[in-house]
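Observations on the model geometry
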Amino acid sequence: MHRPPADPRSLVAIVAVVIAAVALLAGCSDSGDGGSSPASASAATAAGTGPFFGECGGVTTAEVSQIVGIAGLTNTTNNSSGCEWVTSADQLGPQFSFNWYRGSPIGRERATEQLSRESVSDLTIKGAKGFIASDVGICEIGMEFGGDFFEWSVSYGLPAPGETSRSTDQVCGAAKQLSTMSIERAK
């Protein structure tokens, strides 16, 4: 059977569609290293396999206040994925938060921290692996559980006039205590 020659415009259109589809699919891949990663794919499919951390990571406002050493905290955000405590509406004041990410890669969060914090290193608490990131007045801890992770952020904000800022050890000590409590209370 004889076929007529293909119209060159049709071939160009088909090639353009194939190239666009390949580019679109490649753009949807985000393994953090520019290539495909079996670990990232399995972590994404394992979403929700981590423990249940409960409301606010299982930590009360009174406990947060005691650990961070600041009275008068108000829980301004309280939903299924996180909580935030502040002392005022001032964005420069102390802010403490717990965020629970289900089905989200911890590597992306760590990469963001590496771009914005002075120090980022590995951390293990109660057998859970994660990272600790700090800078002057702020410390953030992310702990991984299968396809899930949580992050505690402890930020004292800018010190008031005549006040000295807390040391990184103090700030990160509070973040470690809060993270440990959340891990111990997980179900």
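Anyway, here's the lowdown on the structure attached to this text. Model, not experiment: these values are computed from the prediction. (Residues numbered from 1 in each chain as written. Predicted model: local features only at pLDDT ≥ 70, side-chain atom pairs only at ≥ 80, totals over all residues. Heavy atoms only, no water.)

**Focus on the pairing of strand β2 (residues 82-86)**
Inclusion rule: Throughout, exposure labels follow a simple rule: accessible area from a 1.4 Å probe, protein chains only, divided by the maximum for the residue type, with under 20% read as buried, over 50% as exposed, and the rest as partly exposed. Helix and strand assignments come from DSSP, with helices taken as H or I runs of at least 4 residues and strands as E runs of at least 2, each series counted from the N terminus. By definition, two strands form a pair when at least two bridges between them are found by DSSP.
Burial analysis of β2 places four of its five residues in the buried class, the great majority of the element. As paired elements, strand β1 (residues 74-79) and β2 share five bridges and run antiparallel to each other. Its bridge partner lying in β2, Asn75 is registered against Trp85. Where β2 and strand β3 (residues 95-102) come together, five bridges link them in antiparallel fashion. By the bridge assignment for β3, Trp85 is matched with Phe96.

**With respect to the packing of helix α3 (residues 61-68) against helix α5 (residues 168-185)**
Put simply, the rule reads: The convention used is that axes are lines fitted to C-alpha atoms, helices contributing only their stretch in contact, and that angles between N-to-C directions extend from 0 to 180 degrees. Here is the rule for handedness: rotate from the far helix to the near one, and if that takes an anticlockwise turn smaller than a right angle the crossing is left-handed, while a clockwise turn gives right-handed. Contacts are assigned to residue pairs that have any heavy atoms within 4.5 Å of one another. Following the grouping adopted for this structure description, the nonpolar residues are Ala, Val, Leu, Ile, Met, Phe, Trp, Tyr, Cys and Pro, the charged ones are Asp, Glu, Lys and Arg, and the polar ones are all others, Gly among them.
In the contact formed by α3 and α5, the axes pass within 9 Å of each other and the chain directions differ by 145°. Note that α3 runs across α5; the crossing there is right-handed. For the pair α3 and α5, contact is made by Glu63, Val64, Ile67 and Val68 and by Ala174, Gln177, Leu178, Met181 and Arg185, respectively. Partitioning the contact of α3 with α5 into residue classes produces six nonpolar, one polar and two charged.

**Re the sheet that holds β1**
Strand order in the open sheet made by the seven strands is β1-β2-β3-β7-β6-β5-β4, with antiparallel pairing throughout. Of all the strands in the sheet, just β1 and β4 (119-125) have a single pairing partner and so form its edges. Shown here is a sheet whose adjacent strand axes are inclined to one another by a mean of 15°, direction ignored. In terms of strand pairing, β4 meets strand β5 (residues 128-135) through seven bridges, oriented antiparallel. Residue Asp122 lies in a different strand from β5, and its bridge partner there is Phe131.

**Regarding helix α4 (residues 106-116)**
Rules: This arc corresponds to the set of directions leading from the helix axis out to the C-beta atoms.
When we look at burial in α4, the residues that qualify are Ile106, Glu109, Arg110 and Glu113. One face of α4 carries all of its buried residues, which in axial projection span an arc of 100°. At its buried positions, α4 is contacted by β4, β5, β6 (138-145) and β7 (148-155).

**Quick look at α3**
Listing the buried residues of α3 in full gives Glu63, Val64, Ser65, Ile67 and Val68. Summarising the contacts, the buried residues of α3 are in contact with β2, β3, β7 and α5. In the stretch just after α3, Gly69 is the one whose phi turns positive, near 75°.

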